[in-house]
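# Structural overview
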Amino acid sequence: MKKGYVRLAMPKIQTDSIVDGEGIRSVIWFQGCSHNCAGCHNPNTHDFNAGVERSLEDLKNEIRELEFQNGITFSGGDPMQQIEALEELARFTHECGMNVWVYTGYTFEQLLELAQKNDNYMRALKQIDVLVDGKFVMDLKSFDVQFRGSSNQRILDVKKSLENGKPVKVSKYR
Ligand code: SF4
């Protein structure tokens, strides 16, 4: 993806979601994911050439106009696979007074490894409040866990996880 742009699965920001994290949230659906989880709910988001391209400046204008939202959830697709765009949009989300949740097929430990080779991963992690990590695993699919599809996925407090150098779950979620 060229600098200053992001490829999205849905052209507009989805607002007022109560299932993509805590509170009333807006969701930005990224296009492109290489994890290939069996039973993925959003297979149409896998192709890195599909979806629509939007400039980050244009998308920021849309973020700036959001009202009555606790935060923005970046989902997809895998937002971590457009890491520079994710970092910039997450930073801007904080500047607008909203919190940031990110869904990714990578584990936190894998992201730390990626961060050793590419600074952009650490820059992005520092802009994330809550990370829902790991691939969707059909055999572990559960309706008893909150905000995620399978029980292997974790809801992590990223600030505490970075401070500890290992994943720290947000304990209030079942
Ligand atoms: S990481 Fe998410 S979008 Fe990607 S294949 Fe797995 S479930 Fe689907």
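Now for a description of the structure that goes with this document. (Residues numbered from 1 in each chain as written. Predicted model: local features only at pLDDT ≥ 70, side-chain atom pairs only at ≥ 80, totals over all residues. Heavy atoms only, no water.)

## Points about the overall build of the chain
Rules: Numbering of helices and strands runs from the N terminus; a helix is a DSSP stretch of H or I covering at least four residues, while a strand is a stretch of E covering at least two. Atoms counted for the radius of gyration: C-alpha only. Globule rule: 2.2 Å times the number of residues to the power 0.38. When accessible area is computed with a 1.4 Å probe and restricted to protein chains, residues below 20% of their type maximum are described as buried, those above 50% as exposed, and intermediate ones as partly exposed. All accessible areas in this document rest on Shrake-Rupley with a 1.4 Å probe, and a residue is counted as covered only by the protein chains that are shown. Neither His nor the chain ends contribute to the count of charged residues, in which Lys and Arg are positive and Asp and Glu negative. Charged side chains are reduced to one point each, which is NZ for Lys, CZ for Arg, CG for Asp and CD for Glu.
When helices and strands are counted, the chain shows five helices and eight strands. Along the chain direction, N to C, the helices and strands of the chain fall in the order β-β-β-β-α-β-α-β-α-α-β-β-α. In summary, the chain has a C-alpha radius of gyration of 15 Å against a globular reference of 16 Å for 174 residues, a match within 12%. With respect to the principal axes defined by its C-alpha atoms, the chain has extents near 40 × 35 × 30 Å. Split into buried and exposed, the 174 residues of the chain put 49% on the buried side. Accessible surface, the chain as shown: approximately 9,100 Å² in total, 48% of it carbon and sulfur. Each charge class in the chain can be summarised by its mean position, and for the 22 positive and 24 negative side chains these summaries are 3 Å apart.

## Topic: the site of the ligand
To be explicit about the condition: Whether a residue is near a molecule or strand depends on its heavy atoms: if one lies within 4 Å, it is near. Grid points spaced at 1 Å and placed over the protein atoms alone form the basis of the search, with a cavity being a set where a 1.4 Å probe fits but cannot get out and a pocket an open set showing protein on both sides within 12 Å along at least five of seven lines. Lining residues have an atom within 4 Å of a point. Pocket or cavity membership: a molecule qualifies when more than half of its atoms sit within 2 Å of the grid points of that site. Classification used: nonpolar for Ala, Val, Leu, Ile, Met, Phe, Trp, Tyr, Cys and Pro, charged for Asp, Glu, Lys and Arg, polar for all others including Gly.
Around the ligand, a shell composed of C33, H35, N36, C37, C40, H46, G77, G105 and F136 is seen. With respect to the pocket detection grid, the ligand is positioned in the largest pocket. Of the residues in the shell around the ligand, the class split is four nonpolar, five polar and no charged.

## Describing the side chain of D78
To be explicit about the condition: Polar contact is the term for a pair of N or O atoms within 3.5 Å; when the atoms are in protein, one must be able to donate a hydrogen and the other to accept it, and sequence-neighboring residues count only if both atoms are side-chain atoms. The contact criterion used throughout is that any non-hydrogen atoms of two residues lie within 4.5 Å.
Looking at where D78 falls in the secondary structure, it is placed in the loop between β5 (71–75) and α2 (83–95). Of the polar contacts made by the side chain of D78, one reaches the side chain of H35; its length is 2.7 Å. Within the structure, D78 has its side chain in polar contact with the side chain of T104 (distance 2.9 Å). Other than its neighbours up to four places away in sequence, D78 contacts G32, C33, H35, Y103, T104, G105 and Y106.

## Considerations on the pairing of strand β6 (residues 99–103)
Threshold: Between any two strands, pairing holds if DSSP finds at least two bridges. By convention, a crossover is right-handed whenever its connection, traced from the first strand over the helix to the second and viewed with the strands pointing away, goes clockwise.
Across the five residues of β6, four count as buried, placing the element largely inside the fold. Relative to β6, β5 is paired through four bridges, and the arrangement is parallel. Within β6, the residue paired with T73 across the bridge is W101. Handedness of the crossover joining β5 and β6 through α2: right-handed. In terms of strand pairing, β6 meets strand β7 (residues 130–133) through three bridges, oriented parallel. Along β7, the bridge assignment pairs W101 with V130.

Remember, this is a structural readout, not a statement about activity or role.
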